[in-house]
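Coordinate inspection notes
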Amino acid sequence: MPKITFTEPDGTTHIVDAAPGQSVMQIAVDNLVPGIFGDCGGCCSCATCHAHIDSAWLDRLPAPSEDETLMLEGSVEVNPNSRLCCQLNVSDAIDGLVVHLVLDGA
């Protein structure tokens, strides 16, 4: 089963098992990871699952859709590594993914 590491701004880490087929957002919510809320239920309409993906993983993930890019424009602390976790699906290919939490209350 893939594992995902969520890292808080203070360095606290949460390493969780991730079931393939779910979104990274749902995995975070199910494991009570702070800072990932998923208020829209994963339909890319709220940005409450905004996070920064570790640089080592950027080229391994699909590019953000236009909808995701537009939604991120209204977020706080957006940088080139910003993604919406609801738009990232878990598969064996992302085993070890590192997600840096943005606790901005987006």
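Reading guide: rules and limits
Residues numbered from 1 in each chain as written. Predicted model: local features only at pLDDT ≥ 70, side-chain atom pairs only at ≥ 80, totals over all residues. Heavy atoms only, no water. Pairing = 2+ DSSP bridges. Helix = DSSP H or I, 4+ residues; strand = E, 2+ residues; numbered from the N terminus. Axes fitted to C-alpha atoms, helices over the stretch in contact; angles between N-to-C directions. Core = buried A, V, L, I, M, F, W, Y, C linked by side-chain atoms within 4.5 Å. Buried < 20%, exposed > 50% of the residue type's maximum accessible area, 1.4 Å probe, protein only. Contact = heavy atoms within 4.5 Å.

On the basis of which strands lie adjacent, the open sheet formed by five strands has the order β2-β1-β5-β3-β4 and mixed pairing. Strands with a single pairing partner mark the edges of an open sheet, and in this sheet they are β2 (13-17) and β4 (82-84). Going from strand to strand, the sheet's axes swing by 35° on average, the running direction of each strand aside. Relative to β4, strand β3 (residues 50-53) runs antiparallel, the two being bridged by three bridges. Looking across to β4, one finds that Ala51 is bridged to Arg83.

Another aspect to go through is the nonpolar core. In terms of nonpolar packing, the biggest core is built from 28 residues, with Ile4, Phe6, Val24, Leu97 and Val99 touching the most fellow members. For this core, the secondary-structure elements that each account for two or more residues are β1 (3-7), α1 (24-30), β3 and β5 (97-101). If we ignore the near neighbours within four places in the chain, the residues touching Val24 are Ile4, Phe6, Cys85, Leu88, Val90, Ile94, Leu97 and Val99.

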